[in-house]
Amino acid sequence: MKKYILFVLTGAASYGMLSSFAKTAYREGYNAAEITFAQAAIGALLLWMPVLIKRIKEKQLPSLANWRLLLAGVGIGISTYTYYLAVQYIPASLAIILLMQMTWMSIFMEWLLFKRKPLTIELYVTAVILIGTVLAGNLLHAGTFEFSLIGIVYGLLSALTYAIAVICTSRLGTKVPMFEKSAMMITGSAAIIFMINFNTLWHSEHFDGRLLQWGTFLALFGTVIPPVLFTKGMPKIGAGLSAILVTMELPVAVLCAHFILKEEVNSLQILGILLMLGAIIWLNIWKEKKPVVVTAVSA
């Protein structure tokens, strides 16, 4: 159980790095469509390589029976793209707060879709995490922000599609090999990003070596490492706990913004990070004492 929790936490931490590096790429003239498509396309290629090598050795073709995983990847693609768009319109701290709404969204979506009623401790921990999110995201100083309605909509859409992706990852294709499952999902992600941004990408003048570098870096930490770790860990611990653990993305995002973008981190933000970490540790200890049987639906 511990190693699967660590897998999900590490994947979330990798995601937390992305917004700071994406903003750095924006400063070099690239846009969200170019960055997200390069990230997803290169990530899909990297994930398919070990799958195809294995299949060639076994003299088999990858199975298309689990095509629903491509649809699950659509959620990942839309979430990534809308989150990067949100960062363009609103402060990064507010964007990550909106994204973290997927915590309660996924728990209650699982309740509505699969009749798994949230545990009392999950509700308590979620409440603590949301309080920590407000502090860590510096929302108490929201009066200094210049709000953008479209940015807020993009942020909430990112949270909703992220929650869908978490549920799909934990419920679908539990018997599919890890790399093949991730490759199929990220292929779906790349496809939806390309379809949404076809016109922008077709007329782009930024497909150069530097974009390839950015795409490869972001693919490793935003497309390859997290999905592989999530695919390995989430089916073992369930969507509810997974949704709570991925909130590790927030403190990592705040710290990266501080060290990479030189954004100020105040004492309230540090308190918020500590609250979140404390809640996660509390839940993990409780889960070990009273393990919950997770029911998975194979694709």
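Residues numbered from 1 in each chain as written. Predicted model: local features only at pLDDT ≥ 70, side-chain atom pairs only at ≥ 80, totals over all residues. Heavy atoms only, no water.

Within the protein, the regular secondary structure consists of 14 helices and zero strands. Listed by position from the N terminus, the elements making up the protein come as α-α-α-α-α-α-α-α-α-α-α-α-α-α. Residue burial in the protein is summarised as follows: out of 299 residues, 54% are buried. Considering only contacts within the protein whose residues lie at least 6 apart along the sequence, 89% involve residues at least 24 apart. Entry remark: accessible area of the protein is about 13900 Å², with carbon and sulfur atoms responsible for 69%. (Helix = DSSP H or I, 4+ residues; strand = E, 2+ residues; numbered from the N terminus. Buried < 20%, exposed > 50% of the residue type's maximum accessible area, 1.4 Å probe, protein only. Contact = heavy atoms within 4.5 Å. Areas by Shrake-Rupley, 256 points an atom, 1.4 Å probe, with all protein chains shown as cover.)

Attention now moves to the packing of helix α6 (residues 102-114) against helix α7 (residues 120-136). Look at α6 against α7: their axes get within 10 Å of each other, and the N-to-C directions meet at 160°. The angle between the axes of α6 and α7 places the two elements in the roughly antiparallel class. The two elements α6 and α7 cross, and the hand of that crossing is left-handed. Across the interface between the two elements, Thr 103, Trp 104, Ile 107 and Phe 108 from α6 touch Leu 123, Thr 126 and Leu 130 from α7. (Axes fitted to C-alpha atoms, helices over the stretch in contact; angles between N-to-C directions. Parallel < 35°, antiparallel > 145°, perpendicular 65-115°, else oblique. Left-handed = near helix turned anticlockwise from the far one by under 90°.)

Moving on, we come to the nonpolar core. Formed by 70 residues in total, the largest nonpolar core has its most connected members in Ile 35, Tyr 84, Tyr 162, Phe 230, Leu 245 and Val 246. The residues touching Ile 35, leaving out its near neighbours within four places in the chain, are Ala 25, Tyr 26, Tyr 30, Tyr 84, Leu 211, Trp 214 and Leu 218. Ala 165, Met 184, Met 185 and Ile 186 belong to the second-largest nonpolar core, a separate cluster that totals 14 residues. (Core = buried A, V, L, I, M, F, W, Y, C linked by side-chain atoms within 4.5 Å.)

Before going further, it helps to spend a moment on helix α5 (residues 92-99). Two residues of an α-helix separated by three or four positions point the same way, owing to the 3.6 residues in each turn. The element α5 is largely enclosed, with a buried count of eight among its eight residues. If you check which residues of α5 are buried, you get Ala 92, Ser 93, Leu 94, Ala 95, Ile 96, Ile 97, Leu 98 and Leu 99.

Now for the packing of helix α3 (residues 32-58) against helix α4 (residues 68-89). Where α3 meets α4, the closest approach of the two axes is 10 Å, and the angle between their N-to-C directions is 145°. Here the hand of the crossing between α3 and α4 comes out right-handed. Within the contact between the two elements, α3 uses Ala 32, Ala 33, Ile 35, Thr 36 and Gln 39 and α4 uses Thr 80, Tyr 81, Tyr 84, Leu 85 and Gln 88. Class assignment for the residues of the contact of α3 with α4 results in six nonpolar, four polar and no charged. (Nonpolar A, V, L, I, M, F, W, Y, C, P; charged D, E, K, R; others polar.)

With that out of the way, let us pick up the confidence of the model for the protein. Averaged over every residue, the pLDDT of the protein is 80; residues scoring 70 or more account for 87%. When pLDDT is averaged over each helix and strand of the protein, the minimum, 71, is found for helix α12 (residues 239-245) and the maximum, 90, for helix α10 (residues 198-202). Throughout residues 292-299 the model reports pLDDT below 50, and contacts reaching past four residues in sequence, or to other chains, amount to 22 contacts. (pLDDT = per-residue confidence, 0-100.)

Another point: the pattern of salt bridges. Under the definition given, this model contains two salt bridges. Notably, a salt bridge pairs Glu 180 with Arg 55, separated by 2.7 Å at the nearest N-O pair. Highlighted residues: Glu 180 in helix α9 (residues 178-196) and Arg 55 in helix α3, separated in sequence by 125 residues. On the accessibility criterion, Glu 180 (4% relative accessible area) is buried. Here Arg 55 falls in the buried class, since its relative accessible area comes to 15%. (Salt bridge = Lys/Arg side-chain N within 4 Å of Asp/Glu carboxyl O.)

Turning to helix α13 (residues 249-260), a few remarks are in order. The terminal C-alpha atoms of α13, which comprises 12 residues, lie 16 Å apart, in line with the 16 Å expected from a rise of 1.5 Å per residue. Looking only at α13, the buried set comprises Glu 249, Leu 250, Pro 251, Val 252, Ala 253, Val 254, Cys 256 and Ala 257. Downstream of α13 by one or two residues, Lys 262 has phi in the positive range, about 65°. (Expected span 1.5 Å × (residues − 1).)

Here Thr 82 lies in helix α4. A polar side-chain atom of Thr 82 sits 3.2 Å from the main-chain carbonyl oxygen of Ser 79. Ignoring anything within four residues of it in the chain, the contact list for Thr 82 reads Tyr 154, Leu 157, Ser 158 and Thr 161. (Polar contact = N/O pair within 3.5 Å; in protein donor to acceptor, adjacent residues only side chain to side chain.)

Applying the stated criterion across every chain yields a total of 10 aromatic pairs. Between Phe 194 and Phe 198 the ring centres are 5.5 Å apart and the planes differ by 85°, which places this aromatic pair in the edge-to-face class. The exposure class assigned to Phe 194 is partly exposed, which follows from its relative accessible area of 34%. Ring geometry for Phe 198 against Trp 202: centres 5.8 Å apart, planes inclined by 25°, an arrangement best described as stacked. In this pair, Phe 198 and Trp 202 are both assigned in helix α10, four residues apart and thus about one turn of the helix distant. Using a relative accessible area of 41% as the deciding quantity, one classes Phe 198 as partly exposed. Given a relative accessible area of 64%, Trp 202 falls into the exposed group. One aromatic cluster is present, built from ring pairs that chain together Phe 37, Phe 194, Phe 198 and Trp 202. (Phe/Tyr/Trp six-rings, centres within 6.5 Å; stacked < 30°, edge-to-face > 60°.)

Assignment of secondary structure puts Val 125 in helix α7. Its relative accessible area of 0% is what places Val 125 among the buried residues. Residues Val 125 and Ile 281, spaced 156 residues apart in sequence, show a C-alpha to C-alpha distance of 9.9 Å. Excluding residues that lie within four positions of it along the chain, Val 125 makes contacts with Ile 244, Ala 279, Trp 282 and Leu 283.

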